[in-house]
Amino acid sequence: MRRAGVLFLAAVPVIATGAYFVMPADPAGAPAAPPAATAQSAREEAKERAEEERAEDDAVVAGLPAGLAAPAKKELAQRLVASAEHSTTDWRTTYGVIEDEGDGCGYTAGIIGFCTGTHDLLMLVENYTEDHPDNGLASYLPALREVDGSDSHEGLDPGFPAAWEAEAELPAFREAQEAERDRIYFEPAVRLAKLDGLGTLGQFVYFDAMVSHGPDLDTNGFYGLRERTLKQAKTPAAGGSEKRYLNAFLDIRREAMLTRYPDRDTSRVDTAQRRFLEAGNLGLDTPLVWEMYGEHHRLP
C-alpha cells in the first residue's frame, strides 16, 4: 500500500456532525464556556442524529444488489488488487509477502499491503494479538508502535520479516488479514459507493483507491479524493452520470498518484480501471483484460 500519510480514519464513511453555540461574552470580552449540561446534551443529540443517519443509510444499502460484495465479484476484486499490489492475480499466495518498497511507508506486507508506517499493520497485529496473545509477532508490538507514521525499521530488524512469513503460514493469521482488509477497506468502500449510486465497477474503483491512498481525510487520501471529485461531478445518487463521475474520480486519483511520485506507473488506473470504464463495463463483468506494469492479465 503506497499512501500519502498515516491512516487517519478506518471503517466508517465521513459523517460531519456538530453543534454551534452562541455564547455570551464575559466582562473581559472573552466568550463564556457553555454550561456542561448544555454541551453534554448537544453531544448526545449529535450522536443520536448520526446513529439515525447511519441506520437510514444501512437500510438503503440493504435494499441494493450485492454488487462487489457478491462472493464471485469480491474474489474478482481481490485478484485485480493483487495484480497491482503484488503483480499476480493469485492473491492467496501473498499472505507472507513482506518488503520495504522504498516509498516511505516502511515494510509493506500481506494480502493488501499493510504498512508499518501507515498504522494498518499495527492495527492488524494488535487485533490479532488480542485473540492470539502468544503469536510470533506480539513481541514486535512496542517497536511497531514506535515506527508507526515513519519508514523506520528500528526494533524490527533483523527478525520481523521472518516472523511475519512464519506467522503467515497459520490459518488464523491469514483469516486475521482478510478480516482487517474487509473492516478497514472493502466494506467501507463498497458501502459508500453504493450510497453514491455506483455499480460494481464504481465500487471496485472506490475499494482500490481506499487500498492505495488509505481511508484518510487529507487531500490525497481516499475521502479527500472523493471530496475533490464532488466539486467537478455529481454522483449518480445525486442525479449525475456514473461514467462522468468515475472519469472525474480517476482523473483526480491519477493526479494524486503523480503528485507524490512523479515517476510512478499509473497503470492500475490507465490500463485497468479506465479500460473497463471506457468499455462501458459498469458491472465489472468477465472476461476482463488489462495490463499492469507492462504485464498482460486476463480473467475468463
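Bear in mind that the values here come from a model prediction, so they are computed numbers and not experimental data. The numbering scheme is per chain: residues are counted from 1 as the chain's sequence reads. Local features in a predicted model are, by the rule used here, given only for residues with pLDDT of at least 70; side-chain atom pairs are given and counted only at 80 or more, and totals for whole chains, interfaces and linings are based on all residues. For side-chain calculations, the full set of non-hydrogen atoms in the structure is used, while hydrogens and water are omitted.

Enquirer: What is the right way to read the nonpolar core from this model?
Expert: Inside soluble globular proteins, nonpolar side chains tend to come together where they are buried. In terms of nonpolar packing, the biggest core is built from 71 residues, with L144, F160, W164, Y206, F207 and L284 touching the most fellow members. A total of nine residues in this core trace back to one element, the largest contributor, which is helix 6 (residues 171-195). Dropping the residues within four chain positions of it, L284 is found in contact with L68, K73, L76, L80, T200, L201, F204 and F276. In this description, a nonpolar core means a group of buried Ala, Val, Leu, Ile, Met, Phe, Trp, Tyr and Cys residues linked to one another through side-chain atoms lying within 4.5 Å. Whether a residue is buried, partly exposed or exposed follows from its accessible area with a 1.4 Å probe, protein chains only, as a fraction of its type maximum: under 20%, in between, or over 50%, in that order. In this description a helix means any DSSP run of H or I spanning at least four residues, a strand means any run of E spanning at least two, and both kinds are numbered starting from the N terminus. A contact between two residues is defined here by any heavy atoms of the two lying within 4.5 Å.

Enquirer: What's the story with the side chain of E180 in this structure? I'm lost.
Expert: Mapped onto the elements, E180 comes out in helix 6. Polar contact is the term for a pair of N or O atoms within 3.5 Å; when the atoms are in protein, one must be able to donate a hydrogen and the other to accept it, and sequence-neighboring residues count only if both atoms are side-chain atoms. For E180, the side chain forms a polar contact with the side chain of R183, separated by 2.8 Å. Setting aside its immediate chain neighbours within four residues, E180 contacts F114, M123, L124, N127 and Y185.

Enquirer: Explanation requested: helix 1 (residues 36-62) in the structure shown.
Expert: Turn by turn, an α-helix covers 3.6 residues, leaving residues three or four places apart pointing in a common direction. Expected span, for any helix, means 1.5 Å times one less than how many residues it has. Its 27 residues place the ends of helix 1 39 Å apart at the C-alpha level, agreeing with the 39 Å of an ideal helix rising 1.5 Å per residue. A39, A42, A46, A50 and V61 are the residues of helix 1 that are buried. Tucked inside the fold, the buried residues of helix 1 contact helix 6.

Enquirer: Help me understand the sheet that holds strand 2 (residues 107-109) in this model?
Expert: One key point about sheets: their strands pair by backbone hydrogen bonds, in either a parallel or an antiparallel sense. A strand pair is defined by DSSP finding two or more bridges across the two strands. On the basis of which strands lie adjacent, the open sheet formed by three strands has the order 1-2-3 and antiparallel pairing. In this open sheet, the two edge strands, each paired with only one partner strand, are strand 1 (98-100) and strand 3 (114-115). Here strand 1 pairs with strand 2 via three bridges, running antiparallel. Paired with E99 across the strands is T108, a residue of strand 2. Strand contacts of helix 5 (residues 160-167): strand 1 and strand 2, with the helix running at about 150° to strand 1, the strand carrying the most contacts. To obtain each axis, a line is fitted to C-alpha atoms, and for helices this fit is confined to the stretch in contact; angles are then taken between N-to-C directions over 0 to 180 degrees.

Enquirer: Mind showing me how you'd approach helix 9 (residues 242-260) here?
Expert: With 19 residues, helix 9 ought to run about 27 Å at 1.5 Å a step, and its terminal C-alpha atoms sit 28 Å apart, in line with that. For helix 9, the complete set of buried residues consists of E242, Y245, L246, A248, F249, L250, I252, R253, A256 and M257. Where the residues of helix 9 are buried, they touch helix 7 (200-213), helix 8 (222-230) and helix 10 (267-278).

Enquirer: Help me understand the pattern of salt bridges, please; the structure alone is not making it clear to me.
Expert: Side chains carrying opposite charge are able to pair once their charged atoms draw close together. The rule for a salt bridge is simple: a side-chain nitrogen of Lys or Arg has to be within 4 Å of a carboxyl oxygen of Asp or Glu. Scanning all chains against the criterion turns up 15 salt bridges. Ionic pairing is found between R92 and E75, a salt bridge with its closest N-O pair at 2.9 Å. Taken together, the residues R92 in the loop between helix 2 (71-85) and strand 1 and E75 in helix 2 connect sequence positions 17 residues apart. Judged by its relative accessible area of 42%, R92 falls in the partly exposed class. Across the pair D208 and R268 runs a salt bridge, and its minimum N-O distance is 2.7 Å. With D208 in helix 7 and R268 in helix 10, this residue pair connects regions lying 60 residues apart in the sequence. Residue R268 is classed as buried on the basis of its relative accessible area, which comes to 3%. Three or more residues joined by partner-sharing salt bridges are found here, namely E85, D208, R253 and R268.

Enquirer: What am I meant to see in the packing of helix 7 against helix 8 here?
Expert: In a pair of packed helices, the angle between the axes and the distance between the axes together describe the arrangement. Interhelical geometry of helix 7 versus helix 8 gives an angle of 130° and a closest axis separation of 8 Å. Classified by the interaxial angle, the pair formed by helix 7 and helix 8 is oblique. Contact with helix 7, carried on its side by Y206, A209, M210 and H213, involves F222, Y223, L225 and R226 of helix 8 and no other residues of that element. Classifying every residue of the contact of helix 7 with helix 8 gives six nonpolar, one polar and one charged. If an angle is under 35 degrees, it is roughly parallel; if it is over 145, roughly antiparallel; if it lies from 65 to 115, roughly perpendicular; otherwise it is oblique. Here the term charged refers only to Asp, Glu, Lys and Arg, the term nonpolar to Ala, Val, Leu, Ile, Met, Phe, Trp, Tyr, Cys and Pro, and the term polar to all other amino acids, Gly among them.

Enquirer: Could you clarify how one ought to interpret the environment of R181 in this entry?
Expert: Tracing the backbone through its elements, the reader meets R181 in helix 6. Of the residues examined, R181 reaches a relative accessible area of 3% and is grouped as buried. Spatially, the C-alpha atoms of R181 and I112 are 6.7 Å apart, while their sequence positions differ by 69 residues. Apart from residues no more than four positions distant in its own chain, R181 is found in contact with K74, Q78, W91, I111, I112, F114 and F186.

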